[in-house]
Every structure is written in C-alpha cells, then in structure tokens.
Amino acid sequence: MDWLQVVVLAIVQGITEFLPVSSSAHLILVPVLTDWPDQGLAFDVALHLGSLSAVLIYFRRDIFGMTVSWGRSLKTRQLDADAKLAWAVILGTIPVGLAGLLLKDTVETVLRSPIYLAIGLIVFGLVLSWADWRHRGERSEYQMNWKDVLLIGCAQALALFPGTSRSGITMTAALMLGLSREASARFSFLLSIPVIVLACGLETLELIKAQVPIDVAAMVGGVVLSGISAYLCIHYFLAFIKRIGMQPFVIYRIVLGIALLWIFL
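The text that follows walks through the structure, step by step, so that each part is easy to find. Since the structure is predicted, the reported quantities are computational estimates derived from the model, not experimental observations.

## Observations regarding the packing of helix α7 (residues 146-157) against helix α8 (residues 166-176)
Then, in step 1: Closest axis-to-axis distance for the α7/α8 pair is 8 Å, and the angle between their directions is 150°. On the basis of the axis angle, α7 is roughly antiparallel to α8. Handedness of the crossing formed by α7 with α8: right-handed. Residue-level inspection shows I152, A155 and Q156 of α7 in contact with α8, the latter providing R166, I169, T170, A173 and A174.
Then, in step 2: Of the residues that constitute the contact of α7 with α8, the class distribution is 5 nonpolar, 2 polar and 1 charged.

## Comments concerning the packing of helix α6 (residues 114-134) against helix α11 (residues 247-264)
Then, in step 1: Relative orientation of the contacting elements α6 and α11 amounts to 160°, with a least axis distance of 8 Å. Judged on the interaxial angle alone, α11 and α6 are roughly antiparallel. In this structure, the crossing between α6 and α11 has a hand that is left-handed.
Then, in step 2: A breakdown of the residues in the contact of α6 with α11 according to their chemical character gives 17 nonpolar, 5 polar and 2 charged.

## Looking at the pattern of salt bridges
Then, in step 1: Tallied over the full model, the rule gives 6 salt bridges.
Then, in step 2: The residue D62 makes a salt bridge to R186 at a minimum N-O spacing of 2.8 Å. Placement of D62 in helix α4 (residues 60-76) and of R186 in helix α9 (residues 181-210) is noted, with a sequence separation of 124 residues between them.
Then, in step 3: Residue classification places R186 among the buried positions, given a relative accessible area of 18%.
Then, in step 4: Salt bridges sharing common partners tie together D62, E141 and R186.

## A closer look at the environment of I63
Then, in step 1: Within the secondary structure, I63 is located in helix α4.
Then, in step 2: Expressed as a C-alpha distance, the spacing of I63 and L33, which sit 30 residues apart in the sequence, is 39 Å.
Then, in step 3: Apart from residues no more than four positions distant in its own chain, I63 is found in contact with V55, L56, L190 and I193.

## Some remarks on the side chain of D148
Then, in step 1: Looking at the element boundaries, D148 is found in helix α7.
Then, in step 2: Each residue touching D148, except ones within four places of it in the same chain, is listed here: R139 and L177.

## Here we look at α6
Then, in step 1: With 21 residues, α6 should reach 30 Å at 1.5 Å per residue; the first-to-last C-alpha distance of 30 Å fits that figure.
Then, in step 2: The secondary structure elements touched by the buried residues of α6 are α2 (23-34), α8, α9 and α11.

## Some details on the nonpolar core
Then, in step 1: Residues F189 and F237 are the most contacted members of the largest nonpolar core, which totals 44 residues.
Then, in step 2: Per-element accounting of this core gives the leading share, 9 residues, to α9.
Then, in step 3: Residue contacts for F237: discarding those within four places in its chain leaves L19, P20, M171, A185, F189, M246 and F249.
Then, in step 4: Of all hydrophobic cores here, the second largest spans 10 residues; its members include L9, V12, L27 and V30.

## Here's the deal with the packing of aromatic side chains
Then, in step 1: The full count for this structure, using the stated rule, is 10 aromatic pairs.
Then, in step 2: Both rings, one in Y58 and one in F59, keep their centres 5.0 Å apart while their planes meet at 70°; by these two values the pair is edge-to-face.
Then, in step 3: Note on F237 and F249: the rings are 5.3 Å apart at their centroids and 65° apart in plane angle, and the pair reads as edge-to-face. With F237 in helix α10 (residues 216-243) and F249 in helix α11, this pair connects stretches of sequence that are 12 residues apart.

## So, unusual backbone geometry
Most of the time, phi is negative for any residue but glycine, and the peptide bond is trans.
Then, in step 1: For S22, which is not a glycine, the phi torsion comes out positive at approximately 75°.
Then, in step 2: Within the fold, S22 resides in the loop between α1 (3-16) and α2.
Then, in step 3: Here S22 falls in the buried class, since its relative accessible area comes to 2%.
Then, in step 4: Unusually for a residue other than glycine, S165 sits at a positive phi of about 80°.
Then, in step 5: Tracing the sequence through the fold places S165 in the loop between α7 and α8.

So, how was this worked out
Residues numbered from 1 in each chain as written. Predicted model: local features only at pLDDT ≥ 70, side-chain atom pairs only at ≥ 80, totals over all residues. Heavy atoms only, no water. Axes fitted to C-alpha atoms, helices over the stretch in contact; angles between N-to-C directions. Helix = DSSP H or I, 4+ residues; strand = E, 2+ residues; numbered from the N terminus. Parallel < 35°, antiparallel > 145°, perpendicular 65-115°, else oblique. Left-handed = near helix turned anticlockwise from the far one by under 90°. Contact = heavy atoms within 4.5 Å. Nonpolar A, V, L, I, M, F, W, Y, C, P; charged D, E, K, R; others polar. Salt bridge = Lys/Arg side-chain N within 4 Å of Asp/Glu carboxyl O. Buried < 20%, exposed > 50% of the residue type's maximum accessible area, 1.4 Å probe, protein only. Expected span 1.5 Å × (residues − 1). Core = buried A, V, L, I, M, F, W, Y, C linked by side-chain atoms within 4.5 Å. Phe/Tyr/Trp six-rings, centres within 6.5 Å; stacked < 30°, edge-to-face > 60°.

So yeah, pure geometry; function would need other evidence.
Right, here's the structure in full:
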C-alpha cells in the first residue's frame, strides 16, 4: 500500500463508520474508483482499532461511569441510570452477535454483491427518513426500557445486510421508539463499542492464522488517521443532527445507491 491509499481509506473508514451511510459501501466503492489493490486484513484491523479508540476517547467519562456502576450492580443488584445503560449496551449486542455467528458465511459470500449494497443504501435510507420525519421524540438513552433495547439490538442485526449501515439502522430503530436524534446517535455509538471489539478480535484471529506479513507503518498510520477522523465525525455529527436532522444523509444514501446501480448494472 502507498501512503495515498492509507490516508484515503483511513479517513473514509473513520468518517463513515459512525455516519448512517454504510462504511462497507464506501470501502467497496473506493477501490473501484481508484483501481487500488485490496488493503488486506491487517489494515482492516488497524482501521477498526482507530474507530474504536475514537469512540472510547469521546465517551470516556460516560464509559467510566457506566463501568463503575455496572460493576457495583453485580454486587448490590441495584441499578442506577449508568448501570442500566451499561446493561442496555450488553443486551443490545447479543442479537447481532448471534446473527453474525449464524449468518457469517452467507453474508461473506451471497450478500457481498454491489447490487445488494445499493438496495440496502436506498431502502434503509428511506426507512431512516420516515423514522426521522414522523416518529422521533424527546426521550434520552437513559429513558429506554428493556423492550426498547431489545428492539434496537434486533435492528442492529439487520446491519449484516450490506448497505444497511449499523449506525443507520440502530438510529432508525431508536427514532421509531421515540428517542431524540441526539439520544439515538449516542446510544448507537455506545453500541458500536462491543461490536467493533468483536470484529477486531475475529479479524486478529484470522490474521494470526494466515501469518501474512504486516506493514507496521501503514497500520499505525491507519489507526491514527481513522481515529482522528472518527473522533471529529462523532463530535460534529451530534451537533449537526440536533439542528438539521437526518435528511441530508438520506439524500446522500439514495444518490450513492443509484451511483452503485449505474456502475455495476
């Protein structure tokens, strides 16, 4: 990999990981437009580590409070607001974990077509538009009940379908359940932590088994650049949707989906 490829892929991953626009669609489209070779599994791990570091740093105070309260709840069996949110993140991760184990082979083979990506971008973009336009409320992530968490977790499992966008589908479900835009995004970002950890773990195991050479400089660059771009994305996205909403991202998804259909049909 040359450094232009490292920079472009890292920034694309960092920005699109947390926006409701599907990072997988962008990481497929970039090589098509540039004719670059596949970046390899090691670099994928680096990009995910960068995204993970960004969300951990941005929500460090929330995560610290949730972790302390969660540990206390194991001893006292009493749940304060932070402990409930921590348990919500754990419960919300279970459906996508089970779906990933059951459908991993199907997703990696049958559903990796750019056509499916385009369909996912357009269809779930329209659903996001509808949820943001008609169903959003004012509840915070601390006001969810266990039914809400389970429904958002099941929605997250739909992100296995290409083009859906993990962040997009979880925000859509949260909006439909009456959460505010900002609360929907914050809970989606917190839900990303265990998912990215699991993805990094699986990719690292595959990397160890494959015993492929690693470009350390490219990996470090990928971690740093994806981390910085993801951190900035989280910060400005939360401010942006509070004032403007999800519709600009819906328009972008539809345009990108049409572009993919035009390229690959």
